[in-house]
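Residue strings, one per chain:
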Amino acid sequence: MSQTQTVQKFSIRDISEYFLTKSHLSENTKQSQYSVLTDLHEIVVLYDIDESLDTILKSRMIQKKNGGTKSLTTQKNQASVCREFLLFLNGSSTSTAQNFSSAKKQAQTFEEAKEEFKEKLYS
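Residues numbered from 1 in each chain as written. Predicted model: local features only at pLDDT ≥ 70, side-chain atom pairs only at ≥ 80, totals over all residues. Heavy atoms only, no water.

Undergrad: Could you give an account of the pattern of salt bridges, naming the residues involved and the relevant values?
TA: Applying the stated criterion to the full structure yields five salt bridges. Of the charged contacts, one joins Lys30 and Glu27 as a salt bridge, the two residues approaching to 3.9 Å between their closest N and O atoms. Taken together, the residues Lys30 and Glu27, both in helix α2 (residues 27-46) and three residues apart, mark about one turn of the helix. When the shortest N-O distance is used, the salt bridge between Arg83 and Asp54 registers 2.4 Å. With Arg83 in helix α4 (residues 72-90) and Asp54 in helix α3 (residues 53-59), this pair connects stretches of sequence that are 29 residues apart. Classification of Asp54 as buried rests on a relative accessible area of 17%. (Salt bridge = Lys/Arg side-chain N within 4 Å of Asp/Glu carboxyl O. Helix = DSSP H or I, 4+ residues; strand = E, 2+ residues; numbered from the N terminus. Buried < 20%, exposed > 50% of the residue type's maximum accessible area, 1.4 Å probe, protein only.)

Right, dumping it as structure tokens:
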């Protein structure tokens, strides 16, 4: 994704699928990143803001919800999370795509195991 390309709309489901590839992250990290991505979703989808990621990050996501400006480290972390997620959406990150494929397979296997358990339970 180029620096000036407009962020395309995405769904909360896209965020959930992204986190299937992030099984190695701690729950606190996942929650923090999920918060960043839902903020991005709110800006892009709910408020229908049609801007580049850099513009969104500079003008909209640097503000704290209770006023003030977030620290530079927090801003850099948010930018990194957003960029990685957008790469995932565009299929540009090969390691993420491979992890997603594996995670999706595991999710299907889990669903299949649930169905098999249910069938055995009723028999």
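Now, onward.
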